[in-house]
Amino acid sequence: MRTLLLVITFIFTMNITAQTSYEKGMNKAFALWDQQKNTEASQLFERISAAETDNWLPPYYAGLIEIVSSFGLKDETVLTTKLTRAKEFLDTASAISENNPEIMISYALLNTAYIAFDGAKYGMTLSGENAAIYQKALSIAPNNPRVVLSKTEWDMGAAKFFGKSTIPFCKDIERAITLFEAEEQTTPYYPYSGLERAKAISTECKKETSPKN
Amino acid sequence: MKTLLIALLTLLYVHTYAQSTISGKIIDQQGLPIIGANVYLKGTYDGTATNDQGVFSFETDATGIHTLIASSISFETYSKSDKINHFQNITIKLRDDVNTLDAVTVNAGTFNAGDNAKVTALKPLDIVTTAGALGDFVGALQTLPGTSNVAEDGRLFVRGGDAEETQIFVDGMRVFTPYSPSANNIPSRGRLSPFLFKGITFSTGGYSAEYGQALSSVLLLNSVNEPQEEKTDISIMTVGLGLGNTQIWDKSSLSVNANYINLAPYQELYPDNNEWHKPVASFGGEAVYRYKFNNDGLLKVYGAYSAVDFDLTQEDINEVNGVRFGLNNNNLYLNTSYQDFMEKDWSISTGISFASDQTKLKLDTADITDTENSAHFKLALKKYFSSSYKLNFGAEYFITDFKEDYSANTIENEYKFNNNLLGGFAEADIFFSKNLATKVGLRGEYSQLLQEFNLSPRLSLAYKAGQNAQFSLAYGEFFQNPRNEYLKFNTDFTAEKTTHYIANYQFVKNKQIFRAEAYYKDYNNLVKYNTAFTLSTSTYDNTGNGFAKGLDIFWRDNKTLKNTEYWMSYSYLDTKRNYRNYPTKATPDFASKHNASLVVKRWVEDWKSQIGFSYNYASGRSYTDPSTGRFLTEQAKSFNSLNFNYAYLISPQKILYLSVSNVLGTKNINGYQYADQPNTDGIFDRRTITPAADRFFFIGFFWTISKNKNYNQLDNL
């Protein structure tokens, strides 16, 4: 009996060790990202992804870092290389988790990185693609705050481009904030973030709607 | 027993946690260290990045056989399975990833348009927003070097070749009758609507062995794989109406569009120099159906039908009352293609295209009916051995069945032929490194009509000389069966032949492209005949020959001026031929020595408008003045045209589009027509052939209705 207990404890301990190495790895990767060590963070996510073949989060973050860090680049070669790599990670993530709205809006963010680099070259084709992605994401997850937020931001960008008021979209931002606040954060390392950004946009909205002095 | 078990477990534990060190160095193909490469054991969390010397070292608890992965941006990922203790002080050499943007491209003779091309000379949008192109993709291509401006024809004339020497392919399948018919001296337009295509490759020489039966040039169009959303497009234009609709289902989608063009109201307002009995009226409809299979298979079916009808009398120096010309054309085109990726890096593409074209001509008293049914079958396989070695091979079969019924007064004749041809090709793409690549191909063709077999080798080579510059060379032999106009009277021919030699230099730096290309083309076995027109009684042979040589220069800059893009092209062409009924070697009347164009587009944010200009110049073309007794020795006036277009986004889904060609109303001359007989002073009278109208105006209103309010037709214009 004691032997059995010992064995069970042993196996259990080993199991715990395995679990914590995922947590350890993820924590370390987030810490690196926090310190702006984007390459190291992305590489660590890549390594975790290679170990955790049925978890979409590591490749998702590996891709997301590449996308976020490609905004503001001046060299098209570097941009394309980074975004091509990012797309491979997102493809891996979406093969694990199909029709995942978080991954879908990252694809849209990837397209936005191209459009931000050269609107004339990429804008016409990719903005249509983005509109379709947001449409689909919203139909799958109408109450996902990040989907609501990023779609609204996209619509606001388009309205700005056509010199129209962005105020009609403010109510959607408020809705996103409500959704963010109601969201139950149960899955570890799930990309729950976005509330701060929504609040910042909401502040801008309020500035525009309040009478000017 | 218990002790033993504990001991065993402890041993196991110790064993599990026995650490081994994995270490080594990562270098590139030149032996230089790669910094910051990601090295790790697959399936574990153990790994690190290489340091400034390319050296790495990390500890692992893993034992037994594992896979070591090394990956770095712009290199191919390395992986090796071995015992852990064998991964010590190892040297890993990473291969360049030749698919990256900074790798050399084999591109002599080729211009790419589209988002995915490494170097994009024209963007998809450029095809339709180039001033003067009037929404015809052929018009935009005419601003690229290597093309000659033949304003009265409208088709593509490439590097001293006539329009028949260029072939057009959609998704790899031949388009048999790509242009709408038109009257003499009125430019014809491409039948295919530009917004169905996402990628265009325009090759002005030295192209792949996959394409044959084109002496000068191929134009490859790739249709859109997946439409983005359901929508309805409405267009109201000064010349007609258009309606389009796209429906998307789970695995399939259907796009349909139809248009009706009638120039009667326009000609009422702005009469041109022809006497129209029935102004041009055309009806066209297109449909594309796409189906995605569970694997990566994609089936596309494209069908188009168009009908054109007109009747007019054109001036003629030998006929006091002019020449009456009536035309009725019905054209059906089907293109089905299937593409699939299979196991072991094989991919397959296959397709069938079919065209049925019937033209009824009324030429004074003669009635001519031409019926042409053609088909193309193709099967191509690709094997991807590695990113540095790919093989592409396949077979194709062309059928052309032509019949002409001629009746005038009491004469009735029928001419017909079957021009069937079997072709096969194989081509390898080899990258020796990121800086040196080659494409080697061979094509064989057997023509049943001419009963001959021709073998054409193709070779191109590209070398990247620096970060931004590359040199390319291309060589190829090209065969094409004589055109229908001759085959209907005589089939005792051999295929016409050209040999291309091309040298290209390209410099690409952030949104700026410079290209210079020199070429020499040798023409042989050209068809000759001995009468003023092609007749059934003429004597035909293949003794014609000629050459074309020149220099093409292209510069595009999207960087220097904010919100402004421009490109400039210049082509120098020196060509002479002795073919058709030429008494001697001469420069054909469609070739001009100097061609230049400048295209400027500016986006004005405050006005929500895109303003565009284009300027085209072509030096005078040759003509024959019978009074001199010499052949094609005179030179006409040069051609100048300044075109303007303006697109205004009223709202995201409503666009107003205005376009004027030849704003300045420059009096251009397309050529001269001489009297058959000299007048009483012994001089041949002549008539100047001018464009039907100096200017052309176009105003359109385009409205898109879709769920997503941002989508619009700007990319259709």
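Counting from 1, residues in each chain are numbered in the order their sequence is written. Chains and ligands are labelled by the order in which they are written, letters from A for the one and numbers from 1 for the other. Note on the predicted model: pLDDT of at least 70 is required for a residue's local features to be given, and 80 or more for side-chain atom pairs to be given and counted; whole-chain, interface and lining totals, by contrast, use all residues. Processing note: side-chain calculations cover all non-hydrogen atoms of the structure and skip hydrogens and water entirely.

A.B. asks: What should I look at first to understand the overall build of chain B in this one?
C.D. replies: Secondary structure elements follow DSSP: runs of H or I of four or more residues count as helices, runs of E of two or more count as strands, with numbering from the N terminus. Along chain B, the regular secondary structure elements total 5 helices and 38 strands. Between buried and exposed lies partly exposed: a residue is buried under 20% and exposed over 50% of the maximum accessible area for its type, with that area taken using a 1.4 Å probe on protein chains only. Residues classed as buried in chain B amount to 53% of the 717 residues present. In the form shown here, chain B has an accessible surface area of approximately 31,800 Å², with 55% of it arising from carbon and sulfur atoms. Averaged over its 66 positive side-chain charges, chain B has a centre that lies 6 Å from the centre of its 74 negative ones. Accessible areas in this description were obtained via Shrake-Rupley with a 1.4 Å probe; residue shielding takes into account the shown protein chains only. Charged residues are defined narrowly, with Lys and Arg counted positive, Asp and Glu counted negative, and His plus the chain ends left uncounted. Charge positions are represented by NZ for Lys, CZ for Arg, CG for Asp and CD for Glu.

A.B. asks: What am I meant to see in helix H7 (residues 145-161) of chain A here?
C.D. replies: An α-helical segment advances 3.6 residues per turn. Residues three or four places apart therefore align on the same side. All names here are of chain A. Each helix should span, by expectation, one fewer than its residue count multiplied by 1.5 Å. In a regular helix each residue adds 1.5 Å, so 17 residues correspond to 24 Å; H7 covers 24 Å between its end C-alpha atoms and thus fits that length. For H7, the tally of buried residues reaches 13 of 17 residues, placing the bulk of the element in the interior. We call two N or O atoms a polar contact when they sit within 3.5 Å, provided that within protein one can donate a hydrogen and the other can accept it, with sequence-adjacent residues counted only if both atoms are side-chain atoms. Of the residues flanking the start of H7, the one acting as N-cap is Asn-144, its side-chain oxygen 2.9 Å from the backbone nitrogen of Arg-146.

A.B. asks: Help me understand the sheet that holds strand S7 (residues 90-93) of chain B, please; the structure alone is not making it clear to me.
C.D. replies: In a beta sheet, neighbouring strands pair by backbone hydrogen bonds and run either parallel or antiparallel. Residues and elements named next belong to chain B. Any two strands with at least two DSSP bridges between them are considered paired. Ordered by their spatial adjacency, 3 strands build an open sheet running S4-S1-S7, and the pairing between neighbours is mixed. The open sheet has two free edges, formed respectively by strand S4 (55-60) and S7, since each of these has just one partner strand. Strand-to-strand twist of the sheet, defined as the mean angle between neighbouring strand axes without regard to direction, takes the value 30°. The pairing of strand S1 (residues 20-27) with S7 spans 4 bridges and is classified as parallel. When the sheet's bridge partners are listed, Lys-25 is paired in S7 with Thr-91. Axis lines are fitted to C-alpha atoms, over the contacting stretch for helices. Their N-to-C directions set the angle, which ranges from 0 to 180 degrees.

A.B. asks: I would appreciate a short explanation of the state of the cysteines in the present structure.
C.D. replies: All names here are of chain A. In this description, the term disulfide denotes a pair of cysteine sulfurs within 2.5 Å. What the rule picks out here adds up to 1 disulfide over all chains. Linked covalently through their sulfurs, Cys-170 and Cys-205 form a disulfide whose S-S length is 2.0 Å. On the S-S bond that ties Cys-170 to Cys-205, the torsion sits near -90°, and the link is left-handed. Taken together, the positions of Cys-170 in helix H8 (residues 170-182) and Cys-205 in helix H9 (residues 195-209) put the pair 35 residues apart, joining distant regions of the chain. Exposure class is identical for Cys-170 and Cys-205. Each is buried.

A.B. asks: I'm lost on the environment of Phe-613 of chain B in this one. Help?
C.D. replies: All names here are of chain B. Positionally, Phe-613 belongs in strand S31 (residues 609-618). Accessibility expressed as a relative area gives 37% for Phe-613, which makes it partly exposed. Through-space distance from the C-alpha of Phe-613 to that of Val-663 is 10.0 Å; in sequence the pair is 50 residues apart. When near neighbours in sequence (up to four residues on either side) are disregarded, Phe-613 contacts Ala-131, Leu-598, Val-599, Val-600, Leu-642, Asn-643 and Phe-644. Between two residues, a contact is recorded if the distance between any of their heavy atoms is within 4.5 Å.

A.B. asks: How should I be thinking about the pattern of salt bridges in this particular structure?
C.D. replies: Note that side chains of opposite charge can pair when their charged atoms are close. Between Lys or Arg on one side and Asp or Glu on the other, a salt bridge is scored when a side-chain nitrogen of the former is within 4 Å of a carboxyl oxygen of the latter. Scanning the model with the defined rule gives 35 salt bridges over all chains in all. Taking the shortest distance from any N to any O, the salt bridge between Asp-552 of chain B and Arg-159 of chain B comes out at 2.8 Å. Note that Asp-552 of chain B is positioned in strand S28 (residues 540-557) and Arg-159 of chain B in the loop between helix H3 (137-141) and strand S9 (166-170), a separation of 393 residues in sequence. The exposure classification of Asp-552 of chain B matches that of Arg-159 of chain B, with both residues buried. Connected through salt bridges with shared partners, the residues Glu-46, Glu-66, Lys-82 and Arg-85 of chain A form a single ionic network.

A.B. asks: I keep staring at unusual backbone geometry and nothing clicks. Help me out?
C.D. replies: As a rule of thumb, non-glycine residues mostly have phi less than zero, and peptide bonds are mostly trans rather than cis. Residues and elements named next belong to chain B. A positive phi angle, near 50°, is found at Asn-89, a position not held by glycine. By the secondary structure assignment, Asn-89 is in the loop between strand S6 (78-83) and S7. Owing to a relative accessible area of 68%, Asn-89 belongs among the exposed residues under this scheme. A positive phi is found at Asp-364, a non-glycine position, where the angle reads about 50°. Tracing the backbone through its elements, the reader meets Asp-364 in the loop between strand S19 (346-363) and strand S20 (366-386).

That is the geometry; function is a separate question.
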